[in-house]
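Geometric and topological summary
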Amino acid sequence: KSLILAKHYSEKNPEDELSAYILSCALLQLGKDRYEEIMEIPGHSPIPKALFWARKALTVKTNDHVTELISMVENEAKSHCANCRKEAENSSLKRCVRCLGAWYCGKECQVQHWKNGHKFDCIKRK
């Protein structure tokens, strides 16, 4: 319940760097708690939104904790295709250009993942 409250209050003041960082952390933790550590369920993945808010926190003020969070989430997500879960070979995966929060081994996987629900997770960066 406290994570849901953190998300709620952070959304009230999104221009604040700390609020954006807390919201990013809360989204990731809620995703882990709800789906038993499975973070990339199409239509339910917190990764694009968490990365969006973490990047927003960086636009306000550079912070090592935020940079570390973004790096950790991106490194985990780009280690495999978001659709077929195939392991990446020498960073050969392509990134979703809209949200920068999903990686794919090819166009076919990207289209399939979009149809399966990434269109609900994907948040356009500003």
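Refer to the structure printed above.
These lines cover the structure that appears in this document, whether it is placed above or below. (Residues numbered from 1 in each chain as written. Predicted model: local features only at pLDDT ≥ 70, side-chain atom pairs only at ≥ 80, totals over all residues. Heavy atoms only, no water.)

The subject of this paragraph is helix α3 (residues 47–60). For α3, spanning 14 residues, the distance from its first C-alpha to its last is 20 Å, which sits close to the expected 20 Å at 1.5 Å a residue. For α3, every residue scored as buried is listed here: Ile47, Pro48, Ala50, Leu51, Phe52, Trp53, Ala54 and Ala57. On the buried face of α3, the contacting elements are α2 (17–34), α4 (64–77) and α5 (107–121). (Helix = DSSP H or I, 4+ residues; strand = E, 2+ residues; numbered from the N terminus. Expected span 1.5 Å × (residues − 1). Buried < 20%, exposed > 50% of the residue type's maximum accessible area, 1.4 Å probe, protein only. Contact = heavy atoms within 4.5 Å.)

Here the focus is the side chain of Glu74. With respect to the element layout, Glu74 can be found in helix α4. Relative accessible area serves as the criterion here: at 16%, Glu74 is assigned to the buried category. In contact with Glu74, other than residues within four places in its own chain, are Leu51, Arg55, Arg95, Leu100 and Trp103.

Between side chains of opposite charge, a pair can form as their charged atoms come close. Tallying each qualifying case throughout the model produces three salt bridges. Residues Glu74 and Arg55 are paired through a salt bridge, measuring 2.8 Å at the closest nitrogen-oxygen approach. Pair noted here: Glu74 is in helix α4 and Arg55 is in helix α3, with a separation of 19 residues, a long-range link. Residue Glu74 pairs with Arg95 through a salt bridge whose shortest N-O separation is 2.5 Å. (Salt bridge = Lys/Arg side-chain N within 4 Å of Asp/Glu carboxyl O.)

Right, let's talk about the packing of α2 against α3 for a bit. Relative to each other, α2 and α3 sit at 160 degrees, their axes nearing to 8 Å. One finds that α2 runs roughly antiparallel with respect to α3. The element α2 and its partner α3 pack so that their crossing is left-handed. Taken together, the residues of α3 that come into contact with α2 (itself represented by Glu17, Ala20, Tyr21, Leu23, Ser24, Leu27 and Leu28) are Lys49, Ala50, Trp53, Ala54, Ala57 and Val60. Considered class by class, the residues forming the contact of α2 with α3 number 10 nonpolar, one polar and two charged. (Axes fitted to C-alpha atoms, helices over the stretch in contact; angles between N-to-C directions. Parallel < 35°, antiparallel > 145°, perpendicular 65-115°, else oblique. Left-handed = near helix turned anticlockwise from the far one by under 90°. Nonpolar A, V, L, I, M, F, W, Y, C, P; charged D, E, K, R; others polar.)

All right, on to the nonpolar core then. Core analysis: the biggest nonpolar cluster contains 27 residues, and Leu28, Ile47, Trp53, Val73, Cys96 and Tyr104 have the highest contact counts within it. Taken together, the elements giving at least two residues each to this core come down to α2, α3, α4 and β2 (103–104). Sort the elements by how many residues they give to this core and α3 lands first, with seven residues. When sequence neighbours within four positions are dropped, the list of residues in contact with Cys96 reads Gly101, Ala102, Tyr104, Gln110, His118 and Cys122. (Core = buried A, V, L, I, M, F, W, Y, C linked by side-chain atoms within 4.5 Å.)

Below, the discussion takes up unusual backbone geometry. For Arg85, which is not glycine, the phi torsion reads 70 degrees and is therefore positive. By the element assignment, Arg85 lies in the loop between α4 and β1 (94–95). Residue Leu100 is not a glycine yet carries a positive backbone phi of 60 degrees. Topologically, Leu100 is positioned in the loop between β1 and β2.

Take it as geometry only, folks, not as evidence of what the structure does.
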